Number of protein chains: 2
Amino acid sequence: MSTAHRFTPEHIARAHAQSAQTPPAETDPRVEALVRDLIGCVADKWTMLILELLAEQGATRFTQLNRRIGTISQKMLTQTLRHMERNGLVIRTVHPVVPPKVEYALTELGLSLGAAFCGVWIWAENNLDAVEASRKSFENRAAEP
Amino acid sequence: MSTAHRFTPEHIARAHAQSAQTPPAETDPRVEALVRDLIGCVADKWTMLILELLAEQGATRFTQLNRRIGTISQKMLTQTLRHMERNGLVIRTVHPVVPPKVEYALTELGLSLGAAFCGVWIWAENNLDAVEASRKSFENRAAEP
DNA sequence: ATTTATACTCACCAAAAAGAGAGCGTAGAC
DNA sequence: GTCTACGCTCTCTTTTTGGTGAGTATAAAT
């Protein structure tokens, strides 16, 4: 997947610019806990997928998202979108028509998170084979001790 | 936490160098599935924490890891470490003494994954406040429609 | 009159993940 | 002789997660 390229160089550059701003060493355990918690909220499978899709296609309707992802249940989709909205990653726009029309789009924050995840996607793409090899050799080691 | 700084600039530079190698657009659905799967295996809470700790302190014993993390159960720690070993992120060294001594250390692969996650930690650090604010306003919107 | 589309919510159930606590084998300290 | 340390594993129970299928409101199309 060209996940690596769904975010423009500018996004990524922005993410790195932020990293330069970060104070050199701060180890407040409260901050640490918050950061962990935040990542826990934000770094799940569905969130990452939706981030990707919205970055790729811009504003998208509920049912379209549902169809594109294919394997997600309505329940999970709603739930994930609500969490994302709460965390400021997407904006939900309701058009008061009937049948209902609701669009979801990434915010700046959502976009920047997508850029941050980029590194992980790239890592996965580049290291698929290494991991695969490692698994094989692990299984062999386990087989004959 | 200065999570951002547990990985040296060289590691991060290496991660970006990889990104430059990535072919511009490749959307093989099989690769896509594999990448997703891999991220699913690798991007969980405990793995990320252990990656951090090992990057920070180098080779560490089981009980030390357990104590440092504090909130992890032995079961989860063992399980996570096994998965990481299988995926080639850590090496497990058994010293045949009694009482047992087992050390865990990051591999190159583990180190590079840590570097990739760096962007996400940095994002979380930098955007804690934005997320917090967004949550507050979301709750307010929910309260009075 | 019936069907269709949309974006949900709700109640229920099954499966998966995670925590708690006990046990184990053995060497050295007391 | 008993206790402790270490790195687990095993079983049992609880919690969390996620899927399923039904229901809702309403206007337009058939």
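About the criteria used
Residues numbered from 1 in each chain as written. Chains lettered and ligands numbered in written order. Predicted model: local features only at pLDDT ≥ 70, side-chain atom pairs only at ≥ 80, totals over all residues. Heavy atoms only, no water. Disulfide = S-S within 2.5 Å. Axes fitted to C-alpha atoms, helices over the stretch in contact; angles between N-to-C directions. Helix = DSSP H or I, 4+ residues; strand = E, 2+ residues; numbered from the N terminus. Parallel < 35°, antiparallel > 145°, perpendicular 65-115°, else oblique. Contact = heavy atoms within 4.5 Å. Buried < 20%, exposed > 50% of the residue type's maximum accessible area, 1.4 Å probe, protein only. Arc of directions from axis to C-beta. Near = heavy atom within 4 Å. Polar contact = N/O pair within 3.5 Å; in protein donor to acceptor, adjacent residues only side chain to side chain. Nonpolar A, V, L, I, M, F, W, Y, C, P; charged D, E, K, R; others polar. Pairing = 2+ DSSP bridges. UniProt positions renumbered as here; feature names shortened; annotations may be inferred.

### Here we look at the state of the cysteines
In a disulfide, the sulfur atoms of two cysteines are held together by a covalent bond.
Then, number 1: Inspection of every chain in the model, using the stated rule, returns zero disulfides over all chains.
Then, number 2: Cysteine Cys118 of chain A is unpaired, with the sulfur of Cys118 of chain B as its nearest cysteine sulfur at 15 Å.

### A few points about the packing of helix H6 (residues 108-143) of chain A against helix H2 (residues 29-42) of chain B
Then, number 1: Relative orientation of the contacting elements H6 of chain A and H2 of chain B amounts to 85°, with a least axis distance of 9 Å. When the axes of H6 of chain A and H2 of chain B are compared, the pair comes out roughly perpendicular. Across from Val120, Trp121, Trp123, Ala124, Glu125, Leu128, Val131 and Arg135 of chain A in H6 of chain A, the residues of H2 of chain B making contact are Val31, Leu34, Val35, Arg36, Leu38, Ile39, Cys41 and Val42 of chain B.

### A look at helix H4 (residues 62-69) of chain A
Residue and element names in this part refer to chain A.
Then, number 1: The set of residues buried in H4 consists of Phe62, Leu65, Asn66 and Ile69. For H4, the angular spread of the buried residues around the axis is 100°, confining them to a single face. Exposed residues on H4 whose side chains face more than 90 degrees from its buried face are Arg67 and Arg68.
Then, number 2: Along its buried surface, H4 packs onto helix H3 (45-57), strand S1 (60-61), helix H5 (74-86) and strand S3 (101-106).
Then, number 3: Of the residues one or two after H4, Gly70 is the one with positive phi, at around 85°.

### Regarding the protein's contact with DNA strand D
Then, number 1: The local shell around DNA strand D holds 17 residues, among which Lys75 of chain A together with Thr63, Gln74, Arg92 and Tyr104 of chain B are the closest.
Then, number 2: Near the protein, meaning within 4 Å, the atoms of DNA strand D are sugar or phosphate in a fraction of 63%, with bases accounting for the rest.
Then, number 3: Lys75 of chain A has a polar side-chain atom sitting 2.4 Å from a base oxygen of DNA strand D.
Then, number 4: Gln74 of chain B is positioned such that a nitrogen or oxygen atom in its side chain is 2.4 Å from a base nitrogen of DNA strand D.
Then, number 5: Contributions of two or more residues to the surface near DNA strand D are made by H5 of chain A together with helix H4 (62-69), helix H5 (74-86) and strand S3 (101-106) of chain B.
Then, number 6: Of the residues belonging to the surface near DNA strand D, the class tally is seven nonpolar, four polar and six charged.

### Some remarks on the sheet that holds strand S1 (residues 60-61) of chain B
All names here are of chain B.
Then, number 1: Across the sheet, which stays open at both edges, the three strands sit in the order S1-S3-S2 with antiparallel pairing between neighbours. Sheet topology places S1 and strand S2 (90-95) at the edges, where each strand pairs with a single neighbour.
Then, number 2: With two bridges joining them, S1 and S3 adopt antiparallel strand pairing. Directly across from Arg61, in S3, lies its bridge partner Glu103.
Then, number 3: Across the sheet, helix H3 (residues 45-57) lies against S1, S2 and S3, angled at about 95° from S3, the strand it touches most.

### Brief notes about the UniProt feature "domain: HTH hxlR-type" (unreviewed entry) in chain A
Then, number 1: UniProt annotation of "domain: HTH hxlR-type" (unreviewed entry) refers to residues 28-132 of chain A when read in the numbering used here.
Then, number 2: Between the C-alpha atoms that bound residues 28-132 of chain A the distance is 38 Å, and the span itself is 70% helix and 13% strand.

### Overview of the protein's contact with DNA strand C
Then, number 1: In the vicinity of DNA strand C lie 17 residues, with Thr63, Gln74, Arg92 and Tyr104 of chain A together with Lys75 of chain B positioned nearest.
Then, number 2: The sugar-phosphate share of atoms of DNA strand C within 4 Å of the protein amounts to 59%.
Then, number 3: Within the side chain of Arg92 of chain A, a nitrogen or oxygen atom sits 2.5 Å from a phosphate oxygen of DNA strand C.
Then, number 4: In the environment of DNA strand C, a base oxygen lies 2.7 Å from a nitrogen or oxygen atom belonging to the side chain of Lys75 of chain B.
Then, number 5: Counting only elements with at least two residues in the surface near DNA strand C, the list comes to H4, H5 and S3 of chain A together with H5 of chain B.
Then, number 6: Looking at the surface near DNA strand C residue by residue, the class counts come to eight nonpolar, four polar and five charged.

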